[in-house]
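Structural overview for review
This is what each chain is made of:
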Amino acid sequence: MIHFVLLISRQGKVRLTKWYSPYSQKERTKVIRELGGVILSRGPKLCNFVDWRGFKVVYKRYASLYFCMCIDQDDNELEVLEIIHHFVEILDRYFGSVCELDLIFNFHKAYYILDELLLAGELQESSKKTVARLIAAQDSLVETAKEQASSISNIIAQATK
Amino acid sequence: MALHGMRGLSIFISDIRNCQNKEQERLRVDKELGNIRNRFKKEKGLTPYDKKKYVWKMLYIYMLGYDVDFGHMEAVSLISAPKYPEKQVGYIVTSCLLNENHDFLRLAINTVRNDIIGRNETSQCLALTLVGNIGGREFAESLAPDVQKLILSSSCRPLVRKKAALCLLRLFRKNPDVVNVEGWADRMAQLLDERDLGVLTASMSLLVSLVSNNHEAYWTCLPKCVKILERLARNQDVPQEYTYYGIPSPWLQVKTMRALQYFPTVEDPNTRRTLFEVLQRILMGTDVVKNVNKNNASHAVLFEALALVMHLDAEKEMMSQCVALLGKFIAVREPNIRYLGLENMTRMLIVADVQEIIKRHQAQIITSLKDPDISICRRALDLLYGMCDVTNAKDIVEELLQYLSSADFTMREELSLKAAILAEKFAPDLSWYVDVILQLIEKAGDFISDDIWFRVVQFVTNNDDLQPYAAAKAKEYLDKPAVHEKMVKVCAYILGEYSHLLARRPGFSPKEIFSIIHEKLPTVRTTAIPILLSAYAKILMHTQPPDQVLKNQIWAIFTKYESCIDAEIQQRAVEYFALSRKGADLMDILAEMPKFPERQSSLIKKAEDAEGDTAEQSAIKLRAQQQPSNALVVSDHHPANGAPPPISVGHLTVVKAPNVNDTEDHNSTEQAPSQENGNISKVDPQTPSADLLSDLLGPLAIEGPPGAAVQYEHNAAPGLDGGPDAVDGLAIVPVAVETNTIQPIVNIAERFRALCLKDSGVLYEDSYIQIGIKAEWRAHHGRLVLFLGNKNTSPLISVQALILPPAHLKMELSLVPDTIPPRAQVQCPLEVVNLQPSRDIAVLEFSYMFETNMVNVKLPLPAVLNKFLQPISVSAEEFFPQWRSLAGPPLKLQEVVRGVRPMALPEMANLLHSFGLMISQGLDPNPNNLVASTTFSSDKTRGMLCLVRIETDPADRTQLRMTLASGDPTLTFELKEFIKEQLVSIPTVHQAAPPAVPAAPPTPPIPSNDPAALLAGLLS
């Protein structure tokens, strides 16, 4: 299973974290610091896997961002590497050629998308189309609620509260 | 574009980005946290939008690595908001901020449950996602039934059902009891018929977890998995959106093959054929393509297929295809494929007999060892370590040594440990071993654990002819300019003990030896000084005739350290000084160190942290085998004779130079050379270590409960004892009852029979533990490793293993830990020496406690006669003189055996072959006879040739005549009886199984001209 997902920038800034195994805040910070050190220092033409404390970390760099996923020793590394790519493709489709800034300012969106892609540390949906459809449906739900809230009656209701 | 941002949040993020340094960022964050705290306090004016905005900001701050210790309540409370946007934010932020152990999460259980059982699909999804990501045990217990309903519900859409399936997987991992195996197995099979690939993928992940825990209950899923695989890999029948770079859902293919690896075999021939066709297609049909992603995806499938083939132990043909593929992979430039090639080759070493083929790639693997990528180096090191044996040890160890100086620092410790282990295990001669270890210390002193030099000291102490060599080497190393402290320690120790053996050589006079050691004293830390002092004392003792100048010099040093602040140094200085004035008495006290009890390597122990216990039990581990990279998890060993090594206390420490120093050095008692060595000292035998303690007390602890339980069972009924006894009785009776409730889930007798013929597999398994075995046999020595795997999330306690060896076997089991941690596997090596021929069977008495269940089983161990047989082919020129020279009883025995299980001649030949007898074709002119030969090894007989002749009667296959010959009467008899047992019925252990009914297919009698004549001895 995937124990956690980590997006870090080349400068070591955290852009997204998601933990599927229980780590305390302290452990989380430690993991990020340690792994950041290991992964950012690796050269460009090396393999995408790193041994780390009895686990394996599969990572891939996209422009200035490193996508990392931590898995068990016996898990299939290439499969996870392609989950990363699958995630990136979905982000790309959603944001329209995604860049680091998109993820910085819309990190909450990235969380929504990740929650449709992975669950319980396992791949949940392998169809990009389905994920896109679900995210669009969520967006429109939020949109509808917003419209309702901004309708005149609501404004009055708010004002007189 | 649906990017409706939140202005406040965006501004905050920009502010953070504009901070020039960490300090500014901290100030900005603190300001924001203060603001949020205030707003949350006077909750009155907070709109849902504000709340949303603030919890997002909190999450952002949290993600940056700051502590956010308030506002959790607000995040959790958003979960119960009526409107979707707030609810969504509440769920997501909660599942990011909190982990399963957080108290606030409990507050949410009810709301979450209401959302799950409610009719609103979007709320269901949010709730399932939260539980699937951070649900803990409490969630498991209260929500599992509802979640199960959702998976199967026909009114739910796929988006809910796939989430429910993964959610159940999470809950199952937290508490396996929430899935009722009987009820769920059929439904699981039903789920595999699902057409929606999203739901199917999720269900397959669930299945993998379920079968890893209990494959037998889910056997109906097996053919369905094969069908799914066939559909994906062969028919490519999947909707377009589920193909990934043209490959039908590679993830589902991988998961399906992973699930199949948890089933021990595929029995149904049709299913098996289909599966192998598919696997064959994957193995052969995967090409390297330009597109990276397509390549990765197809190779993900390919490597999983490889793993499955290895697991199913397919026909040799397919296995060799796998080796060929891997050989190709380890030579490619693409680093990922090379990495995986090395990794899978290492795995293959464990499951299949491919050592010889893999050896051909040695040069290639060594190239990878020197790769600039440390990940690849590690895999190459693991593989080299796994493939090393006597034939290539010298080359491999020397490569490792050479590489040591240029290796990445993070690898050096593992590298040197592995080199040391290999050098010890496969040393062609001991002086080479000493050379290797000294080179290791020289090149990587900082990375060498003390165990490594302790071990070389043990070897030198135990081998008289090695001592002068070691002393000469030690001097050579000390003569060098910059010497590592560990080198000083080991050399000083060796020179102190043995330099007097070389005293006649130039440069080895006591004076010279003293001065080269003493030269190093200023360079070492205080921890090394006691060893130097001991060496001085020994040198002084060995100086014959006494040398006044040297004596004064050494006394001056002792005097100097008499006031040392370090108590150990001070004590030694004072005592050595006093002792050395006693003259001849010194000889008795400072005599040469006695031999260490023969024992297993102390090095082969935990070299790396065991893998995290969150890990699911992998397919490979379930097969009771482990990769060499993790294989160094071995407990401490104790001396052969089991005598408690007394700890040295007080003034007698002087006899045992490094002892106290060692304990002080790393504060543990493990493996210090002198500790086991103390048998001769007359100190009170105190138990020095926890390990030993458990060893001594262990048997009592284990014998206590069962006995007590039985007694209580008898006494409990009257229940008149009153007082605490009655209470105990009540408490213990259920225990006694439960003793019988845990049943093995394998047939012990059957497992034993299987293991008599092969060298690795499962010996025993019940719902808590799995005991695997792996054996290596070399002449009359055997090395078995017991793999004790805890299948649960709670520890197994009071683990006890006792070997009841028959008289002809010397067996030595290393210490079995008292507790096996959750999901962990421990390895316990067992050394076997065959003293003389016998058919008696060794028994392992094994017991443990799980919660209140006491399990106690007796397991026959497959250290049987045929393990010591080595097939040997004998030509006619060799056979006949031997056969004639062994004339008549007791060296040659003949017997007519009746009631033989009817079998065709080739079948019998196969049977004999499987027990290690080599059939010699054409030696006997009669086609109905079999002639076979083998060598039997035992301590008494050494390697002894045995000759067998079996004359069959094609007209009556239930009888035959057997003639056995060997140079040892016991061997002849035992082997004859052994073969008879194999022929008469399916071999049974202790008559556990009823004698087998001859169920073999009736073989049509082969017409023959003169059946009677066939039985006439031709060669006698």
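Residues numbered from 1 in each chain as written. Chains lettered and ligands numbered in written order. Predicted model: local features only at pLDDT ≥ 70, side-chain atom pairs only at ≥ 80, totals over all residues. Heavy atoms only, no water.

Labelled according to an unreviewed UniProt entry, chain A appears under the name AP complex subunit sigma, originating from Hibiscus trionum. Reading the Function (unreviewed entry) entry of the UniProt record for chain A gives the comment "Subunit of clathrin-associated adaptor protein complex 1 that plays a role in protein sorting at the trans-Golgi network and early endosomes (TGN/EE). The AP complexes mediate the recruitment of clathrin to membranes and the recognition of sorting signals within the cytosolic tails of transmembrane cargo molecules." One UniProt comment on chain A, placed under Sequence similarities (unreviewed entry), says "Belongs to the adaptor complexes small subunit family." (UniProt positions renumbered as here; feature names shortened; annotations may be inferred.)

**Overview of the overall build of chain B**
Check the secondary structure of chain B and you find 40 helices and 16 strands. A burial count over chain B gives 57% of its 1020 residues as buried. Expressed as a percentage of contacts within chain B between residues at least 6 apart in sequence, the contacts between residues at least 24 apart total 69%. (Helix = DSSP H or I, 4+ residues; strand = E, 2+ residues; numbered from the N terminus. Buried < 20%, exposed > 50% of the residue type's maximum accessible area, 1.4 Å probe, protein only. Contact = heavy atoms within 4.5 Å.)

**Points about the pattern of salt bridges**
All names here are of chain B. Under the definition given, this model contains 66 salt bridges over all chains. The residue D115 makes a salt bridge to K87 at a minimum N-O spacing of 2.9 Å. Here D115, found in helix α6 (residues 103-117), pairs with K87, found in helix α5 (residues 84-97); they are 28 residues apart in sequence, far enough to count as distant. Look at D115 and you get buried, because its relative accessible area is 11%. A residue is classified by how much of its surface remains accessible, and K87, at 8% relative accessible area, is buried. (Salt bridge = Lys/Arg side-chain N within 4 Å of Asp/Glu carboxyl O.)

**Quick look at unusual backbone geometry**
Geometrically, the link from P889 of chain B to P890 of chain B is a cis peptide bond, its omega value of 0 degrees lying close to zero. Residue placement: P890 of chain B occurs in the loop between α37 (876-885) and β12 (892-897). The phi angle at S97 of chain A is positive, at roughly 40 degrees, despite the residue not being glycine. By the secondary structure assignment, S97 of chain A is in the loop between α2 (77-95) and α3 (100-105). Its identity is not glycine, yet A779 of chain B carries a phi of approximately 50 degrees, on the positive side. For A779 of chain B, the location among the structural elements is in the loop between β4 (769-778) and β5 (781-790).

**A look at the nonpolar core**
In this structure, W56 and I517 of chain B are the most contacted members of the largest nonpolar core, which totals 298 residues. Ignoring anything within four residues of it in the chain, the contact list for W56 of chain B reads F107, H108, Y111 and Y112 of chain A together with M6, L9, V89, I92 and V93 of chain B. In terms of nonpolar packing, the next biggest core, distinct from the first, is built from 66 residues, W777, A824, F868 and L971 of chain B among them. (Core = buried A, V, L, I, M, F, W, Y, C linked by side-chain atoms within 4.5 Å.)

**A word on helix α4 (residues 107-117) of chain A**
Counting buried positions along α4 of chain A yields 11 of 11 residues, so the element is predominantly enclosed. Of the residues making up α4 of chain A, those classed as buried are F107, H108, K109, A110, Y111, Y112, I113, L114, D115, E116 and L117 of chain A.

**Some words on the layout of surface pockets**
Residue and element names in this part refer to chain B. Computed from the structure, the second largest pocket encloses a volume of approximately 1,200 Å³. Around the second largest pocket, the lining is made up of 46 residues, and of these R173, K174, N175, P176 and T793 lie nearest the centre. Listed by contribution, the elements that provide at least two residues to the lining of the second largest pocket are α6, α8 (137-152), α9 (158-174) and α11 (197-213). Grouping the amino acids of the lining of the second largest pocket by side-chain chemistry returns 17 nonpolar, 14 polar and 15 charged. (1 Å grid on protein atoms, 1.4 Å probe; cavity = no way out; pocket = protein on both sides within 12 Å on 5 of 7 lines; lining within 4 Å. Points joined across faces, edges and corners; volume = space filled by probe spheres on them. Nonpolar A, V, L, I, M, F, W, Y, C, P; charged D, E, K, R; others polar.)

**So, helix α22 (residues 409-426) of chain B**
Taking 1.5 Å of rise per residue, 18 residues should cover 26 Å, and α22 of chain B covers 26 Å from first to last C-alpha, within 8% of that figure. Extensive coverage of α22 of chain B is indicated by the burial of 14 of its 18 residues. (Expected span 1.5 Å × (residues − 1).)

**Digging into the packing of aromatic side chains**
In this structure the tally under the stated criterion is 29 aromatic pairs over all chains. With a centroid separation of 6.0 Å and 75 degrees between ring planes, the pair formed by Y112 of chain A and W56 of chain B is classed as edge-to-face. Of the two residues, Y112 of chain A sits in helix α4 while W56 of chain B sits in helix α3 (residues 48-63), which places them in two different chains. By way of ring pairs, the aromatic residues F107, Y111 and Y112 of chain A together with F12, W56 and Y60 of chain B are connected into one cluster. Its guanidinium or amino end placed over the ring of F508 of chain B, R505 of chain B lies 6.0 Å from that ring's centre, counting from NZ or CZ. (Phe/Tyr/Trp six-rings, centres within 6.5 Å; stacked < 30°, edge-to-face > 60°. Lys NZ or Arg CZ within 6 Å of the ring centre and 35° of its normal.)

**Quick look at the sheet that holds strand β9 (residues 843-850) of chain B**
All names here are of chain B. Taken together, the 3 strands give an open sheet; going across it, the order is β6-β9-β10, and neighbouring strands pair in antiparallel fashion. The open sheet has two edge strands, β6 (797-804) and β10 (853-860), and neither has a second partner. Taking the axes of each pair of neighbouring strands and ignoring which way they run, one obtains an average angle of 10 degrees across the sheet. Sheet analysis places β9 next to β10, joined by 8 bridges and oriented antiparallel. Along β10, the bridge assignment pairs Y848 with V855. (Pairing = 2+ DSSP bridges. Axes fitted to C-alpha atoms, helices over the stretch in contact; angles between N-to-C directions.)

**A look at the sheet that holds strand β3 (residues 49-52) of chain A**
Residue and element names in this part refer to chain A. Read from one edge to the other, the open sheet built from 5 strands follows the order β2-β1-β5-β4-β3, with strand pairing classed as antiparallel. Both edges of this open sheet fall to β2 (14-19) and β3, since each of them pairs with a single strand only. Across this sheet, the average inter-strand angle for adjacent strands is 20 degrees, counted without regard to direction. Pairing analysis gives 7 bridges linking strand β1 (residues 2-9) to strand β5 (residues 65-72), with the strands arranged antiparallel. From the neighbouring strand, V5 faces β5, where its bridge partner is M69.

**As for the environment of S406 of chain B**
Note that S406 of chain B resides in the loop between α21 (393-404) and α22. Assessed through its relative accessible area of 56%, S406 of chain B is described here as exposed.

**Some details on the interface of chain A and chain B**
Interfaces are often sized by the accessible area lost when the parts come together. Across the contact, 74 residues belong to chain A and 87 residues belong to chain B. There are 10 salt bridges connecting chain A and chain B. A salt bridge links E79 of chain A to K255 of chain B, with the shortest nitrogen-to-oxygen separation between them at 3.8 Å. For the interface between chain A and chain B, the tally reads 38 residue pairs in polar contact (both at pLDDT 80 or more). Its residues assigned to classes, the side of chain A that touches chain B shows 30 nonpolar, 18 polar and 26 charged. (Polar contact = N/O pair within 3.5 Å; in protein donor to acceptor, adjacent residues only side chain to side chain.)

**Looking at the pairing of strand β14 (residues 929-938) of chain B**
Residue and element names in this part refer to chain B. Extensive coverage of β14 is indicated by the burial of 10 of its 10 residues. The two faces of β14 match: N929, V931, S933, T935 and S937 on one face and L930, A932, T934, F936 and S938 on the other face are all buried. As judged from the 3 bridges shared by strand β11 (residues 869-871) and β14, these two strands associate in the antiparallel manner. Within β14, the residue paired with P871 across the bridge is T934. Relative to β14, strand β13 (residues 918-919) runs antiparallel, the two being bridged by 2 bridges. Across the sheet, the residue bridging to M918 is S933, located in β14. Strand direction decides the pairing type here: β14 and strand β15 (residues 942-952), joined by 10 bridges, are antiparallel. Along β15, the bridge assignment pairs T934 with C946.

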